[in-house]
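Results of the structural survey
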Amino acid sequence: MALLTFKGGVHPPEKKELAEHKQIKILPLPEKVYIYTTNHLGAPAKIIVEPGQKVKTGQKIGEANGFISANIHSTITGEVIEIVKMTNAATGTRNDVVVIQRTGDDEWDLIPEHGDYTKKSPEEIVNIVKEAGIVGLGGAMFPSHVKMSIPKGKKAEYLIINAAECEPYITIDNRMMIEKSSEIVKGIKIIMHATGVKKAYIGIESNKPEAIEKMKEAVSGEPIEIKVLKTKYPQGAEKQLIYAITKKEVPSGGLPLDVGVIVFNVSTTYAIYEAVEHGKPLVERGITLTGEGVKNPGNFIYRIGTKVKDLLDHVGLVEEEKIDRILYGGPMMGIPLPDIELPTFKGNNALTVLTKDIVPKKESFPCIRCSKCVQVCPINLMPYLLKLQVEKREYDKAMEYGLMDCIECGSCSYACPAGIELVKTFKTGKKVARALKGRAKK
Ligand code: SF4
Ligand code: SF4
């Protein structure tokens, strides 16, 4: 049977072999954590603790401050020692960070209302997810309680679990499915109960045969189906995943719910299970520490807010002069880390250390109009034209040509034989276009 997929996309080297067979290990508790107030998409959380205050693991230290915002929690048991400003590489802004020094082993502050989900109303479940500060753990960090609150007049027909994990090198979702399949299925049933969805699909790329088998066993007898997807980047992009599974197209500027679909990542689904069944706020998550620059790559559970340097110390790095870059995430969509003293945040599913011999020095030449970038763009954009418009600062025209629809997947840059970094131009162009739009509204 033909595997499900979308139009366009690329086939970068998968590099999953570095970590895909490594069982998930729990890392030792960090001595200090640094919790951003911007650990999610939307307004920063409002800090509700002060220096000198003792906190337990899971204790709320910041409250959601707006419709799209999320609670933040202490991820260790200790004392708040200061509140500082640090750069958040994900948002490019400087934000408040609560610094906590560990004083001992975990003393948990659990969500009191947790327990058997079948005895809870949808509102009660959504409220637990909100209390737990759960956000999209695939990287988007959109607050999950907002996604689970289906607005009046809308109906979610299908739930899709995004288990594609199409980004090269990253293997944590694969391992979660192998090692935590029944818990993930319980998480899916909790989301279905809370949203009224009657049918769920789990979309997994064909390069994860063990995970496919485990999940097939775990969903037996449930209204949940495994959909095997072609291994192709960016198969896990939301619109491409929805199209591959349902053949429904989310309109430009629209949301999955506009076509009756809600999408949750595998690790997010697991976090929802942990919160609802066991009362655990989002204080830890899985991560792949990988890349040719890592001595002992693997998959780990770590406390959110641990410094990148502390995580990398557990796996060891090759000599500094061999390292080209360290990324939050994978090589296609990852964010280059300006400093390994920065902390991790809720959306961190990988740290990838690339070496100079792996990253070819790409020379850049003028566009030869070969249209490779057009062929691979999953959104059907014309990247070479879009680049010209952004460079000429013709933002209105660029938006007409779909600038804001660009999902920044980097497929065009990857495929370009002239070595043109198209996606960099679009990231900057989108920021400027958004700022100009905001100014025009004032
Ligand atoms: S234009 Fe945007 S969406 Fe299209 S391939 Fe390039 S980065 Fe991806
Ligand atoms: S792939 Fe590169 S060289 Fe070819 S049309 Fe696009 S921008 Fe130009």
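Provided above is the structure to which this section pertains.
Conventions used here
- Residues numbered from 1 in each chain as written.
- Chains lettered and ligands numbered in written order.
- Predicted model: local features only at pLDDT ≥ 70, side-chain atom pairs only at ≥ 80, totals over all residues.
- Heavy atoms only, no water.
- Axes fitted to C-alpha atoms, helices over the stretch in contact; angles between N-to-C directions.
- Helix = DSSP H or I, 4+ residues; strand = E, 2+ residues; numbered from the N terminus.
- Parallel < 35°, antiparallel > 145°, perpendicular 65-115°, else oblique.
- Contact = heavy atoms within 4.5 Å.
- Nonpolar A, V, L, I, M, F, W, Y, C, P; charged D, E, K, R; others polar.
- Phe/Tyr/Trp six-rings, centres within 6.5 Å; stacked < 30°, edge-to-face > 60°.
- Lys NZ or Arg CZ within 6 Å of the ring centre and 35° of its normal.
- Near = heavy atom within 4 Å.
- Salt bridge = Lys/Arg side-chain N within 4 Å of Asp/Glu carboxyl O.
- Buried < 20%, exposed > 50% of the residue type's maximum accessible area, 1.4 Å probe, protein only.

1. Looking at the packing of helix α1 (residues 122–131) against helix α7 (residues 266–278)
Remark: α1 packs on α7, axes separated minimally by 9 Å, with the N-to-C direction vectors making an angle of 110°. Our classification of the angle between α1 and α7 gives roughly perpendicular. Contacts between α1 and α7 involve Ile125, Ile128 and Val129 on the former and, on the latter, Ile272, Ala275 and Val276. Of the residues that constitute the contact of α1 with α7, the class distribution is six nonpolar, no polar and no charged.

2. Quick word on the packing of aromatic side chains
This model, assessed by the stated rule, comprises four aromatic pairs. Connected via pairs of aromatic rings, a cluster forms that spans Tyr36, Tyr328 and Phe345. Over the face of the ring belonging to phenylalanine 264 we find lysine 147, whose NZ or CZ atom lies 5.1 Å from the ring centre. Note that lysine 232 overlies the ring of phenylalanine 6, its terminal NZ or CZ placed 4.3 Å from the centroid.

3. Thoughts on the site of ligand 1
The immediate surroundings of ligand 1 are formed by 13 residues, with Cys377, Cys406, Cys409, Gly410 and Cys412 found nearest. At the level of secondary structure, the elements contributing two or more residues to the shell around ligand 1 comprise α12 (411–415) and α13 (422–441). Considering only residue class, the shell around ligand 1 consists of ten nonpolar, two polar and one charged.

4. Regarding the pattern of salt bridges
Applying the stated criterion across every chain yields a total of 26 salt bridges. Among the salt bridges present, the one from aspartate 96 reaches lysine 85, with a minimum N-O distance of 2.8 Å. Highlighted residues: aspartate 96 in strand β8 (residues 93–102) and lysine 85 in strand β7 (residues 78–88), separated in sequence by eleven residues. Judged by its relative accessible area of 28%, aspartate 96 falls in the partly exposed class. One salt-bridge network, held together by shared partners, links Asp106, Glu274, Lys280, Glu284 and Arg303.

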